[in-house]
Amino acid sequence: YRLYCFQQTITLSGGTQHPELAQAESPLNVKHAVRCCRDDDGEEDIWYRSPAASCRVNALAETWTGELPPGAQLDAPHGYTGYPGRTCRKEDDNDDGYSVTSAQECGDLCDRDADCDSFDLTEGNILVTGGNTCYLHTSCHHYSETDTANTATDWYFKHHDIIPAGYARQSGAHCDTGPRVFYYDIRTVQECANICSADDSCVSFNYGRISNGNAATIGRCDYVTDTISTSPCDDLRSAAFWNWYHKKEGFQDDETECLFMTHGDAEEHCEDSGGRLCTKEELEDGCASFMGCGFDSSLVWSSTETSPEVCETDPSQQATSYASCGNFVSAMEQLYAGRPDTFAAEENPLRLNADIHIQASSDFENVQFPTRFNWIIDQTNGIASLYPNSPYLYDFEESLSTSDEDLFCDAGLGPPTVLAQACDASMDFLLGSSVSIGMLTSTAKAVNDFAVPASSEVPDEITSLEINQSSNPDLVRGAVKVFDRHWTMSGSGLVNVNSDAFQYSYVEQVGDIESSVQILQVNDFYWGQTGIMLRESLDPDSKFVAICFEQDRLNILYRDTVGQLSQNNFGGGSARGGADNVLYSQDMWIRITKSDNLFGTSYSLDGIQWEYFSSVIVGFESAMLHVGLFTVSQFSDTVMASNFKVNDMVYSGFPSSPRWLE
């Protein structure tokens, strides 16, 4: 899975620097910079409102390293960042300051004072006051500690003398050992350190100021990879304008450092700090910008998820967690479909709504993830029992979402990482650590294979007969055999004229109907038909509606007027949201539903996730219909055989009706 990350890039236009936001999508195991947000104020000394935007949240302040201000930057002495209209001076500050002619002169004073980390420069009239006034500071360590200036005052922060947390510095030196990667125009030492910190192979870096005329103004960052783990450097030379920085032992173990973390560690760090990762929208709005560590120019984690790298309809090609979780849901559905009558009242705990007769599907429709038992504790008598109507608790119920912005890969639940966590927790709870999804799938198959005693006889509730034309009584030849849920049906005859002759096994039903079957194998014949038929009567010229495979293609076959020619629909469903030209593949499922006079059809590759095919309206006079399987070759001298697996026939509206072979 991937989350959105953001970094601020700087462009130059007319000598003015403009921040722009760049967006990336990142796997969760990559290290990026961490910034945290909080919905309330939190502790005043570490949580601030960003000056970069008007936001409802506060951001966690990091070490200040001379970030660029929003808008234009002042011309500043080298190694300083200037912030127009800001001051570090307080109302009770009685410092008279120094009279100077320029910011550079004030910067030189600050450089000579080891404790000075910033200065204010107040412009004055050189004829009246003798020039500008410079105030040196040792207490303004962060932009958030400054105030808006009431006079023509600017604040300058010394960034060139910073030793990034987690690093040791050797001044006036350059390490030439090992392979090096070069970056130019890096403004601050911290930005160079961030490049090295984000790369585990980087063990040290050189940061230098390349001479530009008489001023050393252009930053250059060389980082050294792979060969050095501790000081000293094997090939360390003296170099003016250069300093060498190497990672200390225990690098990134101290939370005061500018941290680069994987997504999981970043989440934990923000929670430990009293906040959370910022959302995509908050980072886009600049709510965490200008908070230190030079992270405005680094990729920063957001909490907002993007689509997994792989989104495929083929489960074998899906993102791993989608595929494994979908297999878990399908296997649980299959396991409960084969439960014996003794456990008929037990519902699949993964079904969100067990009353609507919609299966929990591998695309996470009608799915919930139980993670714990819901106990009633009687402390007086020392008794624990499960709540009878709600025996499970769902720890991820509030975190899982059906909102469009959280859904990817056509999943019914999201966001993806929460879905994966919920699924993993539910598997651990329901299966335990020793049962794999493969073992669950094998068990579910075995339960279905052996749930009903094997029999070669058609069950008593099923009627099997040959519907024949009186003018040609020998047209139909065929037979039906049943072994467990597996049916083998053979038949000759025809069903595509005005009078039918075919092998038929059916039950009688009143009301709305849903019937599905898995077609395991077809002894292929070019004009053969096999599938499910709903029929008004057993007369050869009766009205009927059937979904079947004919010539290896899915077809709706129907007769809407007694004695008239039957009609075909091989698709054309796409105009109504359905499918065209659906070809047969082994073990495919087909389904037909009746709601009043509307007959809908669908198909599935797994019996769980269904695709709509097409529909037809046929008016039946009789309230009672015959619902069953048929196989026909369309010739009197040729018998076609089909193998079916009948798992269930659920009659909505009549839940007490017997199920096929259960």
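Since this is a predicted model, take the numbers as computed values, not measurements.

Some thoughts on the environment of Thr 256
By the element assignment, Thr 256 lies in the loop between strand E18 (236-247) and strand E19 (260-261). Given a relative accessible area of 52%, Thr 256 falls into the exposed group. A C-alpha to C-alpha distance of 7.7 Å links Thr 256 and Thr 63, two positions 193 residues apart in sequence. Look past the residues within four positions of Thr 256 in its chain and what remains in contact with it is Thr 63 and Ala 165.

Details of the nonpolar core
Counting 30 residues, the largest nonpolar core has Ile 532, Val 545, Leu 554 and Ile 590 as its most contacted members. Setting aside chain neighbours within four positions, we find Val 545 in contact with Ile 532, Met 533, Leu 534, Leu 557, Tyr 558, Ile 592, Phe 599, Val 616, Val 618 and Phe 620.

Regarding helix H6 (residues 416-431)
An ideal rise of 1.5 Å per residue puts 22 Å on 16 residues; H6 measures up with 22 Å between its terminal C-alpha atoms. Along H6, the residues classified as buried are Pro 416, Thr 417, Val 418, Leu 419, Ala 420, Ala 422, Cys 423, Ser 426, Met 427 and Leu 431. Gly 432 occupies a position one or two residues after H6 and carries a positive phi of about 85°.

Quick word on the state of the cysteines
All chains considered together, the criterion is met by nine disulfides. Here Cys 88 pairs with Cys 140 through a disulfide, and the sulfurs are 1.6 Å apart. Across the S-S bond of Cys 88 and Cys 140 the torsion is about 95°, and the bridge reads as right-handed. Residue Cys 88 is found in the loop between strand E8 (86-87) and strand E9 (98-100), and its partner Cys 140 is found in the loop between strand E11 (132-137) and strand E12 (147-148); the two are separated by 52 residues along the sequence. Pair check on accessibility: Cys 88 and Cys 140 agree, each one buried. Between the sulfur atoms of Cys 196 and its disulfide partner Cys 202 the distance amounts to 2.0 Å. Taking the torsion about the S-S bond as the criterion, the Cys 196 to Cys 202 disulfide, at about -100°, is left-handed. Of the two residues, Cys 196 and Cys 202, neither departs from the other in class, the shared state being buried.

Some remarks on a nonpolar patch on the surface
Where nonpolar side chains cluster on the molecular surface, the patch consists of Phe 373, Trp 375, Ile 377 and Leu 386 and spans about 380 Å² of accessible area. As for its position among the elements, Trp 375 is in strand E23 (residues 375-378).

Focus on the sheet that holds strand E38 (residues 624-632)
Strands sit in the order E26-E29-E38-E31-E32-E33-E34 across an open sheet of seven strands; the sheet is antiparallel. Both edges of this open sheet fall to strand E26 (463-467) and strand E34 (567-569), since each of them pairs with a single strand only. Going across the sheet, the axis of each strand differs from the next one's by a mean of 25°, ignoring polarity. Two elements, E26 and strand E29 (residues 502-510), share five bridges in a ladder whose sense is antiparallel.

A look at helix H3 (residues 263-272)
Taken residue by residue, H3 has His 263, Ala 266, His 269 and Cys 270 as its buried positions. An end-on view of H3 places all buried positions within 120° of arc, on one side of the element. For H3, the exposed residues lying more than 90 degrees away from the buried face are Glu 271 and Asp 272. Count one or two residues on from H3 and you reach Gly 274, which has phi positive near 95°.

What to know about the environment of Ser 542
Of note, Ser 542 is situated in the loop between strand E31 (529-535) and strand E32 (544-550). On the basis of relative accessibility, which here comes to 2%, the residue Ser 542 falls in the buried class. Through-space distance from the C-alpha of Ser 542 to that of Asp 560 is 8.7 Å; in sequence the pair is 18 residues apart. Once you skip the residues sitting within four places of it in the chain, Ser 542 turns out to touch Arg 535, Glu 536, Ser 537 and Arg 559.

With respect to the packing of aromatic side chains
Throughout the structure, instances matching the rule amount to 23 aromatic pairs. Geometrically, the ring pair formed by Trp 155 and Phe 157 is tilted, given 5.9 Å between the ring centres and 55° between the ring planes. Of the two residues, Trp 155 and Phe 157, neither departs from the other in class, the shared state being buried. Among the aromatic residues, those joined into a cluster by ring pairs are Trp 64, Tyr 83, Tyr 143, Trp 155, Phe 157 and Phe 290. Taking NZ or CZ as reference, Arg 38 lies 5.6 Å from the ring centre of Trp 47, over its face. Arg 89 extends its terminal NZ or CZ atom over the ring of Tyr 135, reaching a point 3.8 Å from the ring centre.

Describing a negative patch on the surface
A surface patch of negative charge is lined by Asp 253, Asp 254, Glu 255, Asp 265, Glu 267, Glu 268, Glu 271 and Asp 272. Structurally, the position occupied by Glu 267 is in helix H3. Residue Glu 267 is classed as partly exposed on the basis of its relative accessible area of 32%.

Quick word on the pattern of salt bridges
Under the criterion given, the structure shown has 13 salt bridges. Salt-bridge contacts for Arg 276 lead to Asp 39; the nearest nitrogen and oxygen are separated by 2.8 Å. Taken together, the residues span a long stretch of sequence, with Arg 276 in strand E20 (residues 276-277) and Asp 39 in the loop between strand E4 (36-38) and strand E5 (47-48) at a distance of 237 residues. For Arg 276, a relative accessible area of 24% corresponds to the partly exposed category. Residue classification places Asp 39 among the partly exposed positions, given a relative accessible area of 47%. Here Asp 500 ties to Arg 559 by a salt bridge, and the two come within 2.7 Å at their closest N and O atoms.

Let's talk about the pairing of E32
Judged by how many residues are buried, E32 sits mostly within the fold: seven of seven residues are covered. With burial as the criterion, each face of E32 is covered, one bearing Phe 544, Ala 546, Cys 548 and Glu 550 and the other bearing Val 545, Ile 547 and Phe 549. Here E31 pairs with E32 via seven bridges, running antiparallel. Within E32, the position partnered with Arg 535 by the bridge is Phe 544. Pairing between E32 and strand E33 (residues 553-559): seven bridges, direction antiparallel. Each residue of the ladder has a partner; that of Cys 548, found in E33, is Asn 555. Counting the residues in the hairpin turn of E32 and E33 gives two residues, including Gln 551, whose phi is positive at 55°.

Examining the sheet that holds strand E13 (residues 153-158)
With respect to topology, five strands assemble into an open sheet ordered E7-E13-E10-E11-E9, the strand pairing being antiparallel. Pairing within the sheet leaves two strands with one partner each, and these edge strands are strand E7 (80-84) and E9. For this sheet the average axis-to-axis angle between neighbouring strands, irrespective of direction, equals 30°. Bridge count for strand E10 (residues 118-122) against E13 is five bridges, and the pairing is antiparallel. Bridge pairing in E13 links Ser 118 to Phe 157. Relative to the sheet, helix H1 (residues 103-112) contacts E7, E9, E10, E11 and E13, its axis offset from that of E10 by approximately 150°.

Considering the side chain of Glu 67
Topologically, Glu 67 is positioned in the loop between strand E6 (58-60) and E7. One buried charged residue, Glu 67, forms no salt bridge at all, with the nearest opposite charge on Arg 35 at 4.4 Å. Side chain to side chain, Glu 67 and Thr 65 meet in a polar contact 3.2 Å long. Of note is the side chain of Glu 67, whose polar atom sits 2.3 Å from the backbone nitrogen of Gly 294. Leaving out residues up to four positions away in the same chain, Glu 67 has contacts with Arg 35, Thr 81, Tyr 83, Arg 187, Phe 290, Gly 292, Cys 293, Gly 294, Phe 295 and Asp 296.

Analysis parameters
Residues numbered from 1 in each chain as written. Predicted model: local features only at pLDDT ≥ 70, side-chain atom pairs only at ≥ 80, totals over all residues. Heavy atoms only, no water. Helix = DSSP H or I, 4+ residues; strand = E, 2+ residues; numbered from the N terminus. Buried < 20%, exposed > 50% of the residue type's maximum accessible area, 1.4 Å probe, protein only. Contact = heavy atoms within 4.5 Å. Core = buried A, V, L, I, M, F, W, Y, C linked by side-chain atoms within 4.5 Å. Expected span 1.5 Å × (residues − 1). Disulfide = S-S within 2.5 Å. Patch = residues over 30% accessible without salt bridge, like charges linked within 9 Å, V, L, I, M, F, W, Y side chains within 5 Å. Areas by Shrake-Rupley, 256 points an atom, 1.4 Å probe, with all protein chains shown as cover. Salt bridge = Lys/Arg side-chain N within 4 Å of Asp/Glu carboxyl O. Pairing = 2+ DSSP bridges. Axes fitted to C-alpha atoms, helices over the stretch in contact; angles between N-to-C directions. Arc of directions from axis to C-beta. Phe/Tyr/Trp six-rings, centres within 6.5 Å; stacked < 30°, edge-to-face > 60°. Lys NZ or Arg CZ within 6 Å of the ring centre and 35° of its normal. Lys, Arg positive; Asp, Glu negative; His and termini not counted. Charge placed at Lys NZ, Arg CZ, Asp CG, Glu CD. Polar contact = N/O pair within 3.5 Å; in protein donor to acceptor, adjacent residues only side chain to side chain.

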